[in-house]
Amino acid sequence: MEERRKTEGQEFVYAHKVQYYETDAMQIVHHSNYIRWMEEARLEYLSHVGLPYDEMEEEGIIIPVLSASCEYKMATRYGETVTIIPQIEKFNGLRFSVSYQIFSEDGSVLHAVGRTSHCFLNRNMKPVSVRKVAPRISAFFEKYRSPRV
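Just so it is clear, the model here is predicted, and its values are computed rather than measured.

**Q** Can you lay out helix α1 (residues 32-48) for me, pointing to particular residues and giving the numbers?
**A** Compared with the 24 Å implied by 1.5 Å per residue over 17 residues, the 25 Å span of α1 between its first and last C-alpha is a close match. Asn 33, Tyr 34, Trp 37, Met 38, Ala 41, Arg 42, Tyr 45 and Leu 46 are the residues of α1 that are buried. Immediately downstream of α1, the backbone of Gly 50 shows phi near 100°, a positive value.

Here's what the structure looks like:
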């Protein structure tokens, strides 16, 4: 098993029980669902630490996905529960990226690792620096960004 990376402060862990519709004929999770789980975990994480996505939208900021990747390590099956650990990796005011580790419920099996990258846009779909237009949002990302190694 790979070690779970620790975040500064309290680690956030999102749990997801695998549903039958997420599987194929062999009851193995279809690869596309891991990307969905990463989004679920990212949005729950934002909400958990006090920055719900709907509040960002109310401030006129949206965070579309620019890229998503996932490396599959071990199959996940119907009925299992996975835990997903999202971590903000990079933030520069215009863009940010999040890494994800997807483990078995007990943490003994690493099922997948992934990454998404995002940018900040205003309601007119124009790039914005949250450092300039949304300091509260910027402060959140500065606070929860993982320390550089």
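**Q** Quick one: what's the story with empty space enclosed by the protein, residue by residue and with numbers?
**A** For the structure shown, the criterion picks out one cavity of 30 Å³ or more. Lining the largest cavity are Arg 42, Tyr 45, Leu 46, Ile 63, Ile 88, Phe 96, Val 98 and Phe 141. Among the secondary structure elements, those contributing two or more residues to the lining of the largest cavity are α1 and β4 (95-104). With three residues, α1 is the largest single contributor of residues to the lining of the largest cavity. Taken together, the residues of the lining of the largest cavity sort by class into seven nonpolar, no polar and one charged.

**Q** If you had to explain the environment of Gln 87 to someone new, which residues and values would you point to?
**A** When you line up the elements, Gln 87 lands in strand β3 (residues 81-91). Judged by its relative accessible area of 6%, Gln 87 falls in the buried class. Sequence separation of Gln 87 and Arg 145 is 58 residues, and the distance between their C-alpha atoms is 7.3 Å.

**Q** Describe the packing of aromatic side chains, listing the residues and the values that go with them.
**A** All told, the structure shown has 12 aromatic pairs when counted by the stated rule. Where Tyr 34 meets Tyr 72, the ring centres are 5.1 Å apart and the plane angle is 70°; that geometry is what we call edge-to-face. One end of the pair, Tyr 34, is in helix α1; the other, Tyr 72, is in strand β2 (residues 65-72), with 38 residues separating them in the sequence. Pairing Tyr 45 with Tyr 144 gives two aromatic rings, centres 6.2 Å apart and planes at 85°, and the pair type is edge-to-face. Taken as a pair, Tyr 45 in helix α1 and Tyr 144 in helix α4 (residues 135-144) lie far apart in primary sequence, 99 residues in all. Overall, Tyr 144 belongs to the partly exposed group, its relative accessible area being 23%.

What counts, and at which threshold
Residues numbered from 1 in each chain as written. Predicted model: local features only at pLDDT ≥ 70, side-chain atom pairs only at ≥ 80, totals over all residues. Heavy atoms only, no water. Helix = DSSP H or I, 4+ residues; strand = E, 2+ residues; numbered from the N terminus. Expected span 1.5 Å × (residues − 1). Buried < 20%, exposed > 50% of the residue type's maximum accessible area, 1.4 Å probe, protein only. 1 Å grid on protein atoms, 1.4 Å probe; cavity = no way out; pocket = protein on both sides within 12 Å on 5 of 7 lines; lining within 4 Å. Points joined across faces, edges and corners; volume = space filled by probe spheres on them. Nonpolar A, V, L, I, M, F, W, Y, C, P; charged D, E, K, R; others polar. Phe/Tyr/Trp six-rings, centres within 6.5 Å; stacked < 30°, edge-to-face > 60°.

Shape descriptors only; they carry no functional weight alone.
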